[in-house]
Amino acid sequence: MTNTNDTEKMSREQLLKYAQDISSLNQDMKKESLQLIKYAEDLSILYEDSKKKRALLEKTQKELSENYYSAVLMGFDLMSLSQEALGRHCKRVSYYAEQLAIALKLSGRSVTNIKLGALLHDIGLTGIPKKDLNDILSGQKSRYLKIYKDHPLVNVRPITSSYRFKEASTIIKTHHENLNGSGFPQGLKKESIPLETRLVTIADGYDTIKMASSKEITPETVFKIMKQDIGIKYEK
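Summary of the structure given here. (Residues numbered from 1 in each chain as written. Predicted model: local features only at pLDDT ≥ 70, side-chain atom pairs only at ≥ 80, totals over all residues. Heavy atoms only, no water.)

1. A short note on the overall build of the protein
Scanning the protein from N- to C-terminus turns up nine helices and zero strands. What you see in the protein, going N to C, is helices and strands ordered as α-α-α-α-α-α-α-α-α. In the protein, buried positions account for 30% of the 236 residues. For the protein, contacts bridging at least 24 residues in sequence account for 60% of all contacts bridging at least 6. (Helix = DSSP H or I, 4+ residues; strand = E, 2+ residues; numbered from the N terminus. Buried < 20%, exposed > 50% of the residue type's maximum accessible area, 1.4 Å probe, protein only. Contact = heavy atoms within 4.5 Å.)

Now the structure itself:
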């Protein structure tokens, strides 16, 4: 049989071992707690640093956007000063095209590009005198005909130099292209003409017909005239 003293001795040793294990465990937990606290502090510092960087990035993006719109409006103002009626036309086309884009539920970015591209779509016409421009639009001969044919590419270089203007400048350069390839200046066909451009073309055609009318014309009459160019300028 096991001696009672031996049993008590074993129990004391086991208790001592258990206490040592608990003490060691507490030390480990304390170390882990310190590590967790340090980790939390590092995360807090990282978060604050990230927050500051995000705020700086947002500020920079806002400034770039403001400069972007300022540049567009500056170009529009210069065009309006050169030819007031042309400026009013572009402003209306921009509004019509924007409404079409919203109705089709295009992305916010596409709507913005359409609005800005339409606002400057005729910026290349600023070098053509008003009388000569009217002669060209009415089908008469003019020494400015070649300039008119090239106007989607004229004065567009400052716009294309910025990546922010890329989509808007594409609209400007292609707004006289036709679905069947009969347009200018590149003779593009439907597949190569962006949807944004096609919407601006519709808006441009609508306002051009209204401007050309010597008397007030109803929207229904304008649409009837536009239907003659379905498959050429406009889609069904």
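2. Describing the packing of aromatic side chains
This structure, assessed with the given rule, holds four aromatic pairs. With centroids separated by 5.7 Å and ring planes inclined at 55°, the aromatic side chains of Y148 and F184 adopt a geometry described as tilted. Here F184 lies in the loop between α7 (166-174) and α8 (195-212) and Y148 lies in helix α5 (residues 145-150), a separation of 36 residues in the sequence. Here the two residues Y148 and F184 agree in accessibility, since each one is buried. A network of ring pairs unites the aromatic residues Y95, Y96, Y206 and F223 as a single cluster. (Phe/Tyr/Trp six-rings, centres within 6.5 Å; stacked < 30°, edge-to-face > 60°.)

3. Remarks on the nonpolar core
If you look at the biggest cluster of nonpolar residues, it comprises 10 residues: V93, A97, A101, V111, I114, A118, I171, L199, V200 and A203. Of all elements in the fold, only α2 (84-103), α3 (108-119) and α8 reach the threshold of two or more residues within this core. In this structure, A101 is in contact with L106, V111, I114 and L199, ignoring residues within four places of it in sequence. Core analysis: the next-biggest nonpolar cluster, separate from the first, contains eight residues, L125, I128, Y148 and F184 among them. (Core = buried A, V, L, I, M, F, W, Y, C linked by side-chain atoms within 4.5 Å.)

4. Notes on a nonpolar patch on the surface
A contiguous nonpolar surface patch, about 320 Å² in accessible area, is contributed by Y39, L43 and L46. Relative to the elements of secondary structure, Y39 occurs in helix α1 (residues 4-82). The class for Y39 is exposed, based on a relative accessible area of 52%. (Patch = residues over 30% accessible without salt bridge, like charges linked within 9 Å, V, L, I, M, F, W, Y side chains within 5 Å. Areas by Shrake-Rupley, 256 points an atom, 1.4 Å probe, with all protein chains shown as cover. Salt bridge = Lys/Arg side-chain N within 4 Å of Asp/Glu carboxyl O.)

5. Description of unusual backbone geometry
If a residue is not glycine, its phi is most likely negative; likewise, a peptide bond is most likely trans. Look at the link from F184 to P185: it is a cis peptide, with omega at 10°. Locating P185 in the fold gives a position in the loop between α7 and α8. Here the phi dihedral of K105 falls at roughly 60°; this positive angle occurs in a residue that is not glycine. Owing to a relative accessible area of 76%, K105 belongs among the exposed residues under this scheme.

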